Amino acid sequence: MIKQLIRVGFFALFVFQDLSAQNQKPLYLDDTKPIDARVEDALKRMTLDEKIAIIHAQSKFSSPGVARLGIPENWMTDGPHGIRSEVKWDEWDQAGWTNDSCIAFPALTALAATWNRDLSSLYGKSIGEEARFRNKNVLLGPGVNIYRTPLNGRNFEYMGEDPFLSGQMVVPYVKGVQSNGVAACVKHFALNNQETERHGVDVIVDDRTLYEIYLPAFKAAVIDGQAWAIMGAYNKYKGQHLCHNQYLLNDVLRGEWGFKGVVISDWGGVHDTKQAITNGLDMEFGSWTDGLAWGKSNAYDGYYLAKPYKALIEKGEFGTKELDEKVRRVLRLSFLTTMDKNRPFGSFGSEEHGLAGRKIAQEGIVLLKNDRSVLPVDLKKTKRIAVIGENAIKMMTVGGGSSSLKAKYEISPLDGLKKRVGKEADVVYARGYVGDASGNYNGVVTGQNLEEKRSAAELLAEAKNVARSADVVIVFGGLNKSDFQDSEGNDRKGLELPYNQDNLIKELVKVNKNLVFVNISGNAVAMPWINEVPSVVQGWFLGSEGGNALADVLVGDVNPSGKITFSFPVKLSDNSAHSIGEFPGGKTVNYSEGLFVGYRHHDKSKIKPLFPFGHGLSYTTFEYGKVTADKKSMAASDKITFTVAVKNTGKREGSEIVQLYISDLKSSLPRPVKELKGFEKVTLKAGETKNVSITIDKSALSFFDDKKHDWVAEPGDFEAIIGASSANIKSKVKFTLQ
Ligand code: BGC
């Protein structure tokens, strides 16, 4: 009897244990366990085929998960200004969904021009919510390639010419996106500063320039922003394509910066299986199949990291060490995103996102010139406003390449103005010039009919009549998102405004001197008529709420507070790369201007720009006090704080961006005259004064010593320079590094 009882007891225990084992979650699904342990557990369970499958695409924008284990697919989306509409599985054509119209946010150039870290965070959070709602777990953006030349067709997707500013602005964006359980994929790493020959050009750059100019924004995104993904660039460095580059991916990104995230190829950026195995790449997207099946559907098995990789493993040329590393990183991406059950659900096309876009646009708009206070348009004295130019009506959310959007709505500048001033003044419109009447990108059509049969002379005559009869003339011109303008794939052909706009502006200002030129672009343009035109506004590509935000600023509901993040040269040869003929290169492009990019070049060569880096006006005025330092001399482990009083001396509230530049007065290696190392945006009521303090440490004094391969801060004298722009210096104070 007792024996029997014992036997029953054992049996019951056995059944209970077995049931509880069945109820127990496998380790990889147990989110109370550390991610690394979960990754190892999932990895152990995967077959070779499953491992190979998850490191390359299965469609234009997705890669498989591990269906058997319940690990979801990865879905990518462009990026960086809104969530791209759905394309077909195997083609770029529209899938034809009716629920994928997003909020278009302002271009990153506009975001950077706010110099407002909180707005970058708002941007990241909002676009991340849109991505999350659309079930995308990787956002292909933001982009932080440095503005080397005003001809780069993709400058509008980036944050300007200064590494420090780009680094400061990219971090909150990344964190904001990722707070939604969506990975930010920072792009295009690195040295992707032109579109000409983008798939093949080999960039020659010295180490100092690489580390001081072209890498810091990426480093900030990786180290301070903790980005979960990074995209390799199309071009080459040291003869190797950057999607599988020993130097930048293995040595710098993973070795020096300790990057734990995934490296995703740019679409079609992989060229070699062995290099893709060993040189830092994790996920391959957008490849064609070796030319064998150009555009053939379901050709993903032919990807460099698909069958060809497996064959090398089977032949014994490679073990699975590299593969397991890649798989670990892809799994980690899943655990941080799709498999995080606590992540929010997101939201899409919401009013809140529209308002976020409007706020960013308002603060990004830059008042470049405002003589005779033509702006803001005084609605008490203005009966008629002439609006002229194609860019007053042309939709700008469609076009430009991969960042093109199917926006839920887009307020044009003309509509924005009409809505705002409708009852107070007449708004009369004339086209003035014809740029590009088309409006189609991969099947997203604007639906606008911009066909125009009249001749250029007729359009000019009409515009002059309209201008003559108005109190103020606002010309919306600039570039657009068509090929060879602000658009992926090609660079601009020159600095000039296209479509004979210079002539239009010159003619209009003859008949009405109250002329405002609003430059819609992501790049600097030449302004040969600048002395005749009293007011110029940099209007960027501002997304869904663009027209509203522009109206807000033009009539003065909002006081402009943006500052440009790249120099406007008078002429192309005033730009350093062009002055030495090092653009666009051929098979190679030599960055022999070195560190002297943007204002660093203008400072060194004493070439006056049309508008300097950091420049932007307000409808009020600011007066700066004298900058002081909290110590005269600092130890290498110290921090030092500079303080300056800023007073609003005008009649209305406004915000000012106070810039701190550091100048190394004597150094063993040549250094730029000064470099941006801090900034604060401060809002002041009329008459109000505030002290603005900026603290730095020795990293702000350091340069990259290529012989030592390290950052060095040399003891000696430095100068802290406070400016309202890189050319409008307010005061300086000397200090010493011990
Ligand atoms: C672009 C990337 C983009 C990708 C996917 C590429 O051509 O360079 O920026 O994310 O396409 O659309």
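Everything quoted here is computed from the prediction, not taken from an experiment. (Residues numbered from 1 in each chain as written. Predicted model: local features only at pLDDT ≥ 70, side-chain atom pairs only at ≥ 80, totals over all residues. Heavy atoms only, no water.)

Glancing now at the overall build of the protein chain. A tally of regular secondary structure across the protein chain gives 19 helices and 29 strands. Expected size for 738 residues packed as a compact globule is a radius of gyration near 27 Å; at 28 Å, the protein chain falls within 12% of this value. With the C-alpha coordinates aligned to their principal axes, the bounding extent of the protein chain is approximately 110 × 70 × 55 Å. The buried share of the protein chain, taken over its 738 residues, is 62%. In the protein chain, the share of contacts with a sequence separation of at least 24, taken over all contacts with a separation of at least 6, comes to 76%. On the protein chain, roughly 28,200 Å² of surface is accessible, and the fraction owed to carbon and sulfur atoms is 51%. (Helix = DSSP H or I, 4+ residues; strand = E, 2+ residues; numbered from the N terminus. Rg over C-alpha atoms; globule rule 2.2 N^0.38 Å. Buried < 20%, exposed > 50% of the residue type's maximum accessible area, 1.4 Å probe, protein only. Contact = heavy atoms within 4.5 Å. Areas by Shrake-Rupley, 256 points an atom, 1.4 Å probe, with all protein chains shown as cover.)

Below, the discussion takes up helix 8 (residues 216-224). For helix 8, the set of buried residues is Ala217, Phe218, Ala220, Ala221 and Val222. Buried residues along helix 8 sit in contact with helix 6 (163-178), strand 4 (183-189), helix 7 (207-214), strand 6 (229-232) and helix 9 (246-256). Immediately beyond the C-terminal end of helix 8, within one or two residues, lies glutamine 226, with a positive phi of roughly 55°.

Our next topic: the sheet that holds strand 23 (residues 654-664). With respect to topology, 5 strands assemble into an open sheet ordered 21-29-28-23-24, the strand pairing being mixed. If you trace the sheet from one side to the other, it starts and ends with strand 21 (633-634) and strand 24 (675-684), each paired once. (Pairing = 2+ DSSP bridges.)

Partitioning the protein chain into structural domains gives domain 1 (2-71 + 186-336), domain 2 (362-605) and domain 3 (622-737). When each unit is reduced to the centre of its C-alpha atoms, the spacing between domain 1 and domain 3 is 41 Å. Between domain 1 and domain 3, the contact holds 6 residues from the first and 9 residues from the second. Across the domain 1/domain 3 interface, buried area totals approximately 730 Å², and carbon plus sulfur atoms make up 52% of it. Counting across the domain 1 and domain 3 interface gives 0 salt bridges. Broken down by element, the residue count for the side of domain 1 that touches domain 3 peaks at 4 residues, all from helix 7. Across the side of domain 1 that touches domain 3, the residue classes tally to 1 nonpolar, no polar and 5 charged. (Domains from an automatic or database assignment. Buried area = accessible area lost by both parts, 1.4 Å probe. Salt bridge = Lys/Arg side-chain N within 4 Å of Asp/Glu carboxyl O. Nonpolar A, V, L, I, M, F, W, Y, C, P; charged D, E, K, R; others polar.)

Before going further, it helps to examine the sheet that holds strand 1 (residues 62-63). The sheet built from 6 strands is open, its strands ordered 1-2-3-4-6-9 with mixed pairing. The open sheet has two edge strands, strand 1 and strand 9 (262-264), and neither has a second partner. Bridging between strand 4 and strand 6 involves 3 bridges; their strand directions are parallel. Within strand 6, the residue paired with valine 186 across the bridge is isoleucine 230. Sitting on the sheet, helix 6 touches strand 3 (138-140) and strand 4, and the angle it makes with strand 4 is about 140°. (Axes fitted to C-alpha atoms, helices over the stretch in contact; angles between N-to-C directions.)

The next thing to look at is the nonpolar core. In this structure, Phe189, Leu191, Ile264 and Leu331 are the most contacted members of the largest nonpolar core, which totals 121 residues. If we skip the residues at most four places from it in the chain, phenylalanine 189 touches Leu215, Phe218, Ile230, Met231, Gly232, Ala233, Leu242, Leu248, Leu249, Leu253 and Trp257. (Core = buried A, V, L, I, M, F, W, Y, C linked by side-chain atoms within 4.5 Å.)

To continue, consider unusual backbone geometry. A cis geometry characterises the amide bond from lysine 187 onward to histidine 188, with omega recorded as -10°. Residue position: histidine 188 is located in strand 4. At the junction of leucine 375 and proline 376, the peptide bond is cis and its omega measures out at -5° in the coordinates. Here proline 376 is to be found in the loop between strand 10 (366-370) and strand 11 (384-388). Non-glycine residue asparagine 500 carries a positive phi angle of around 60°. Position of asparagine 500 relative to the elements: it lies in the loop between strand 15 (472-478) and helix 16 (501-511).

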